[in-house]
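One-letter residues, chain by chain:
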Amino acid sequence: MRICVVTLAGCEVAAVDAGDTWTKADVCAHVPDLPASQQASTHLLFRDAELSGAATLADIGACDGSVLQLVRDALVDWVVITASVDCTARTWTSVTGEPGLVLRGHELEVWKVAFSPDGARVLTVSADGTAKLWDSGSGICAHTLEEHTG
């Protein structure tokens, strides 16, 4: 049977020819960029059932054309971003609370921050009338939008 694995945002991360006796471990092994160390904190959902333990795709009712949702536990690989009155935005790891990048470049307080859906970029909006687009890996400002009003 052919199954797809998608994120909660609907992005396809894998499309595989699977056997109806496949378990979570079998499906996870075919998801690119999902290390074995993170499989325990990953959930595969189909309708109202979860593929876990010794349960098979057949056990949860999956069939040809089924779409499984891949969900990672909240404390795995999450980076949190905050806006600040000190004219910066900062990233933090959710597991340890350790600080990461400090995004500097605004002249007044940063009002809002958001990650792009793929997590590769950060947008900051400031009281200084600018919005800035940053590379979330390096912290380098890629583009500044002037005369932003809200």
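The structure displayed is predicted, hence computed values, not measured ones.

Asks: Please explain unusual backbone geometry as it appears in this structure.
Replies: Most of the time, phi is negative for any residue but glycine, and the peptide bond is trans. A positive phi angle, close to 55°, is found at R47, a residue other than glycine. Its place among the elements puts R47 in the loop between β3 (42-46) and β4 (49-51). The exposure class assigned to R47 is exposed, which follows from its relative accessible area of 71%. Of note, the phi angle at C87 is positive, near 75°, even though the residue is not glycine. Topologically, C87 is positioned in the loop between β6 (79-83) and β7 (88-93).

Asks: Which parts of the structure should I look at to understand the pattern of salt bridges?
Replies: When the charged atoms of two side chains with opposite charge come close together, those side chains can pair. Summed over the entire model, instances satisfying the criterion amount to two salt bridges. A salt bridge links R2 to D17, with the shortest nitrogen-to-oxygen separation between them at 3.5 Å. Separated by 15 residues along the polypeptide, R2 in strand β1 (residues 2-6) and D17 in strand β2 (residues 12-17) bring together distant segments of the chain. A relative accessible area of 56% means that D17 is categorised as exposed. Note that R90 and D86 form a salt bridge whose closest N and O atoms lie 3.1 Å from each other.

Asks: How do you make sense of the sheet that holds β2 when you look at a structure like this?
Replies: One key point about sheets: their strands pair by backbone hydrogen bonds, in either a parallel or an antiparallel sense. In space, the five strands of this open sheet follow the order β2-β1-β5-β3-β4, with mixed pairing throughout. Because the sheet does not close on itself, it has two edges, and the strands there are β2 and β4. For this sheet, the mean angle separating the axes of adjacent strands, direction not counted, is 30°. As defined by bridge partners, β3 adjoins strand β5 (residues 67-72) across four bridges and the pair is classed as antiparallel. Bridge pairing in β5 links T42 to R72.

Asks: Mind showing me how you'd approach the environment of G137 here?
Replies: Within the secondary structure layout, G137 lies in the loop between β11 (131-135) and β12 (141-145). Sequence separation of G137 and G19 is 118 residues, and the distance between their C-alpha atoms is 38 Å.

Calculation criteria
Residues numbered from 1 in each chain as written. Predicted model: local features only at pLDDT ≥ 70, side-chain atom pairs only at ≥ 80, totals over all residues. Heavy atoms only, no water. Helix = DSSP H or I, 4+ residues; strand = E, 2+ residues; numbered from the N terminus. Buried < 20%, exposed > 50% of the residue type's maximum accessible area, 1.4 Å probe, protein only. Salt bridge = Lys/Arg side-chain N within 4 Å of Asp/Glu carboxyl O. Pairing = 2+ DSSP bridges. Axes fitted to C-alpha atoms, helices over the stretch in contact; angles between N-to-C directions.

That is the geometry; function is a separate question.
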